[in-house]
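Remarks on the overall topology
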Amino acid sequence: MYSMRHLEIMAELPGHTTLGSAASELKISESALSQAITAIERLAGESLCLRRKAHGITLTASGHHFAAMAKKILVDAQELSATFPQREGKLRGPVRFGCFASLSPHLIPATLEDFAHPEVQLEVRVGTHDELMPALRNGELDVAFVYDLALPADMNKQEIYRTEMQVVLHTEHRLAQLERPLELADLAAEPLIMYESEPSTDHQLQLFASQGLTPKIVASVPQMILVSAMVGRGLGYGLLMRRPNNAQVSVEGRPLAFRELKTPNFPNAVVAITPHSVRIPARVQALIEHCRCAMAESW
C-alpha cells in the first residue's frame, strides 16, 4: 500500500532533473530518496524513474502518470483536511443545493446573499422534481428546495415557508376588478395558461377536479416567467404559488394582478429535502436555516 509520503515523493519528481534537487525540496538525503523510489517501484511492479549519474533523473511514461495521480490525491486530501473536522465554530467545505425551477428566481438570489460562512463553497442546480430527486439520492446534491408535493417517502423535509395557490390576471381582466377572493367556478370558462411541470401541473388539475370542474387550457408552457408574460399580454390567466419577493409585473414590464383563490386551495409549503439515509452536515443545515430567514424577510 502506498503511503502519503510515497505520493508526496512521486508528485514532486516531475519538477526536477536530479535526485539532489528533488531530495533538497523533500528535505531528505539523496540516498533516502533513491531508496524510497525503489520501494515505490517495487509496489508499482514497474520502473517509474530512470536514474543515471551522468544524466540525472527522468520519469518514464508510467512515472508521469503515477505522479499526476499522486498529485491529485494529495490535493483531494488537503481539501478533505481543510473541510473536516470543523474547528473554532467555522463551517467549511462544499454545499451543492438544488432548487425547483419555478422557485429559483425568488429563492436562490435571496439565499445566496449574505450567507455568513465564507469558507463554505455553494454550488447551485436548477431543475424539475424528476431531475432533483435522483441527484439527491446519488449524492450529487446535498439538499433541494421544492414544493411539498408528491414527495417520495425516502426524503426528510424541513419547512421553509407556507404557501397556497393564487390567481394571476391581466390588470384589466373583469375578474381582477372583483374585491372578493376568486373561486374555481369563476375561472373554469376562462383561458388558462398552464405551467407545465410535475408535480405543479397535477396539483392545478386536482384543484379543479376537487370541484368537479375542468379548466379551459389554451397553452401549456415549461417556464413560469412565460406564464406571466402571456398573462401580461391578456392571453389568459395563470395559477401560481404565493411566494416572497414576487414582482407585480411580467418580464416585459407589464403590470399583473394577483388575487386570492378561495378554498378548497390545498395549503402547501416550500421545503428543504434531504435523503433519510444521510446525516445533514452542519454547513448544509446552516444554509437551510439561512434560506428560511431570507424568505421570512422577503415577504
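Report on the accompanying structure. (Residues numbered from 1 in each chain as written. Predicted model: local features only at pLDDT ≥ 70, side-chain atom pairs only at ≥ 80, totals over all residues. Heavy atoms only, no water.)

Summing up its helical and strand segments, the protein chain has 10 helices and 12 strands in all. In terms of overall dimensions, the protein chain is more spread out than a globule: its C-alpha atoms have a radius of gyration of 29 Å, far above the 19 Å expected for 299 residues. Considered along the principal axes of its C-alpha atoms, the protein chain spans approximately 95 × 40 × 35 Å. The buried share of the protein chain, reckoned over its 299 residues, is 44%. Of the roughly 15500 Å² that the protein chain leaves accessible, carbon and sulfur atoms contribute 54%. One finds the centroid of the 28 positive side-chain charges in the protein chain at a distance of 5 Å from the centroid of its 33 negative side-chain charges. (Helix = DSSP H or I, 4+ residues; strand = E, 2+ residues; numbered from the N terminus. Rg over C-alpha atoms; globule rule 2.2 N^0.38 Å. Buried < 20%, exposed > 50% of the residue type's maximum accessible area, 1.4 Å probe, protein only. Areas by Shrake-Rupley, 256 points an atom, 1.4 Å probe, with all protein chains shown as cover. Lys, Arg positive; Asp, Glu negative; His and termini not counted. Charge placed at Lys NZ, Arg CZ, Asp CG, Glu CD.)

Turning our eyes to something else, we now look at empty space enclosed by the protein. Inspection of the entire model under this criterion finds 1 cavity of 30 Å³ or more. Taken as a whole, the largest cavity spans an internal volume of roughly 100 Å³. Contributing to the lining of the largest cavity are 13 residues, with Tyr195, Ser200, Met224, Leu240 and Met241 lying nearest its centre. Contributing elements (two or more residues each) for the lining of the largest cavity: helix 8 (200-209) and strand 10 (238-241). Grouping the constituent residues of the lining of the largest cavity by class yields 8 nonpolar, 4 polar and 1 charged. (1 Å grid on protein atoms, 1.4 Å probe; cavity = no way out; pocket = protein on both sides within 12 Å on 5 of 7 lines; lining within 4 Å. Points joined across faces, edges and corners; volume = space filled by probe spheres on them. Nonpolar A, V, L, I, M, F, W, Y, C, P; charged D, E, K, R; others polar.)

Moving on to unusual backbone geometry. The omega torsion across glutamate 198 and proline 199 is 5°, close enough to zero to call that bond cis. Position of proline 199 relative to the elements: it lies in the loop between strand 8 (191-195) and helix 8. Positive phi, normally seen in glycine, also occurs at asparagine 245, with a value near 40°. Among the secondary structure elements, asparagine 245 is positioned in the loop between strand 10 and strand 11 (256-260). A relative accessible area of 36% means that asparagine 245 is categorised as partly exposed.

This next bit is on the layout of surface pockets. Empty space within the largest pocket amounts to approximately 350 Å³. In terms of lining residues, the largest pocket is bounded by 19 residues, among which Pro105, His106, Met224, Ile225 and Ser228 are the most central. Secondary-structure elements contributing two or more residues to the lining of the largest pocket are helix 5 (104-112), helix 9 (224-232) and strand 11. When residues in the lining of the largest pocket are grouped by element, the largest group, 3 residues, is from helix 9. Each residue belonging to the lining of the largest pocket can be placed in one class, and the counts come to 12 nonpolar, 6 polar and 1 charged.

A few words now on the packing of aromatic side chains. In total, this model carries 4 aromatic pairs according to the counting rule given. On the numbers, 5.1 Å between centres and 85° between planes, the contact of tyrosine 2 with phenylalanine 66 is edge-to-face. Of the two residues, tyrosine 2 is situated in the segment before helix 1 (4-12) and phenylalanine 66 in helix 4 (residues 61-83); the sequence distance between them amounts to 64 residues. Classification of phenylalanine 66 as buried rests on a relative accessible area of 14%. (Phe/Tyr/Trp six-rings, centres within 6.5 Å; stacked < 30°, edge-to-face > 60°.)

Before going further, it helps to spend a moment on the sheet that holds strand 12 (residues 268-275). Taken in spatial order, the 5 strands make up an open sheet running 4-3-5-12-6, and their pairing is mixed. Looking along the sheet, the strands with just one partner apiece sit at the ends: strand 4 (120-127) and strand 6 (155-163). On average, each strand axis in the sheet is inclined to that of its neighbour by 20°, with strand direction left out of account. The sheet contact formed by strand 3 (residues 93-100) and strand 4 spans 8 bridges and is parallel. Across the sheet, residue proline 94 finds its bridge partner in strand 4, namely glutamine 121. (Pairing = 2+ DSSP bridges. Axes fitted to C-alpha atoms, helices over the stretch in contact; angles between N-to-C directions.)

This paragraph deals with the sheet that holds strand 11. Ordered by their spatial adjacency, 3 strands build an open sheet running 10-7-11, and the pairing between neighbours is antiparallel. In the strand order of this sheet, the two ends are held by strand 10 and strand 11, each with one partner. In this sheet, neighbouring strand axes are inclined to one another by 35° on average, regardless of whether the strands run parallel or antiparallel. Pairing between strand 7 (residues 165-170) and strand 11: 5 bridges, direction antiparallel. Within the sheet, the bridge partner assigned to valine 168 lies in strand 11 and is phenylalanine 258.

Another aspect to go through is the pattern of salt bridges. Enumeration according to the criterion identifies 16 salt bridges in this entry. Overlapping salt bridges, with partners in common, bring together Arg233, Glu252 and Arg254 in one network. (Salt bridge = Lys/Arg side-chain N within 4 Å of Asp/Glu carboxyl O.)

Attention now goes to a nonpolar patch on the surface. Taken together, the side chains of Leu112, Val124 and Val126 define a hydrophobic patch exposed on the protein surface, amounting to about 220 Å² of accessible area. Take valine 124: its relative accessible area is 38%, and that puts it in the partly exposed class. (Patch = residues over 30% accessible without salt bridge, like charges linked within 9 Å, V, L, I, M, F, W, Y side chains within 5 Å.)

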